[in-house]
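Observations on the three-dimensional arrangement
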Amino acid sequence: MGRIDVVLAILKYAKPDLKLDAKNSFEDRLRLQKYVFIMEKLGLNLGYSFSEYLRGPYSPGLAMDYYSNADIVKELKTTHELTDKEREVAEKMKIVVELTPGELEALSYLVLKGWLCDNDALVNVGFYKPHLTADEIKKAIDVGKRTLGCI
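Calculation criteria
Residues numbered from 1 in each chain as written. Predicted model: local features only at pLDDT ≥ 70, side-chain atom pairs only at ≥ 80, totals over all residues. Heavy atoms only, no water. Helix = DSSP H or I, 4+ residues; strand = E, 2+ residues; numbered from the N terminus. Rg over C-alpha atoms; globule rule 2.2 N^0.38 Å. Buried < 20%, exposed > 50% of the residue type's maximum accessible area, 1.4 Å probe, protein only. Contact = heavy atoms within 4.5 Å. Areas by Shrake-Rupley, 256 points an atom, 1.4 Å probe, with all protein chains shown as cover. Lys, Arg positive; Asp, Glu negative; His and termini not counted. Charge placed at Lys NZ, Arg CZ, Asp CG, Glu CD. Salt bridge = Lys/Arg side-chain N within 4 Å of Asp/Glu carboxyl O. Expected span 1.5 Å × (residues − 1). pLDDT = per-residue confidence, 0-100. Phe/Tyr/Trp six-rings, centres within 6.5 Å; stacked < 30°, edge-to-face > 60°.

The subject of this paragraph is the overall build of the protein chain. In terms of helices and strands, the protein chain carries eight helices and two strands. Its helices and strands in sequence order give the protein chain the pattern α-α-β-β-α-α-α-α-α-α, from N to C terminus. Its C-alpha radius of gyration of 15 Å places the protein chain within 12% of the 15 Å reference for a compact globule of 151 residues. Each of the 151 residues in the protein chain was classed as buried or not, and the buried ones make up 51%. Within the protein chain, contacts between residues at least 6 apart in sequence are counted, and of these 71% link residues at least 24 apart. Roughly 7,400 Å² of accessible area belongs to the protein chain as shown, and the carbon and sulfur atoms make up 49% of that amount. Counting 22 positive and 23 negative side-chain charges, the protein chain places the centres of these two groups 1 Å from one another.

Right under this line is the structure:
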């Protein structure tokens, strides 16, 4: 299974009871897209290419992987043993997996745009993502600074 197996192992480490129904839930697909985008930004080279879409970063390759492995993804079934680097990423992901879909969208958009540590981050994201609340954006900024720093 390759790279999706690594993703599942990291998510299982970060939150063992996490369920992701990528086949039937748009919200779970959005969360998975954002989780993997953040993993990549934490320095894990999984080889997924992301482009900007309506709800933030999106990878067609990742979508193909989770659709073709939907049952395994749903239960986080993996036998992959984490490397030291992957475990380091998984530790940081513990806080990221607790974010709501809106907070994840805000965080990934902040990182995509390079606005995470800008003084105008709240205003900028609010302007381009008016469906997100100020609280969601503030939480995303806080978690982003704690996990990614000012990248």
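Still more ground to cover, so stick around.
Before going further, it helps to examine the pattern of salt bridges. All told, the structure shown has 12 salt bridges when counted by the stated rule. Ionic pairing is found between Lys15 and Glu98, a salt bridge with its closest N-O pair at 3.6 Å. Pair noted here: Lys15 is in the loop between helix H1 (3-14) and helix H2 (26-41) and Glu98 is in the loop between helix H5 (84-96) and helix H6 (101-113), with a separation of 83 residues, a long-range link. Note on Glu98: relative accessible area 49%, which makes it partly exposed. Its salt-bridge partner being Arg31, residue Asp28 comes within 2.7 Å of it at the nearest N-O pair. With Asp28 and Arg31 both in helix H2, this residue pair falls three residues apart, about one helical turn. For Arg31, a relative accessible area of 12% gives the class buried.

This next bit is on unusual backbone geometry. Even without a glycine there, the phi angle at Leu76 is positive, about 55°. The topology assignment puts Leu76 in the loop between helix H4 (70-75) and H5. The buried category is assigned to Leu76, whose relative accessible area is 0%.

This paragraph deals with helix H8 (residues 134-147). Its 14 residues give H8 an end-to-end C-alpha distance of 20 Å, which sits within 8% of 20 Å, the value for a rise of 1.5 Å per residue. Tucked into the core, H8 has its buried residues touching H5, H6 and helix H7 (121-128). The positive-phi residue at the C-terminal boundary of H8 is Gly149, with phi of around 75°.

Note that predicted coordinates carrying low pLDDT should not be read in detail. Averaged over every residue, the pLDDT of the protein chain is 93; the share at 70 or more is 99%. Put simply, strand E1 (residues 51-53) is where the protein chain has its lowest mean pLDDT, 89, and H5 is where it has its highest, 96.

Time to look at the packing of aromatic side chains. Enumeration according to the criterion identifies six aromatic pairs in this entry. For the pair Phe37 and Phe50, a centre-to-centre distance of 5.3 Å together with 70° between the ring planes defines the contact as edge-to-face. Taken together, the residues Phe37 in helix H2 and Phe50 in the loop between H2 and E1 connect sequence positions 13 residues apart. For the pair Phe37 and Phe50, a shared accessibility class is recorded, and that class is buried.

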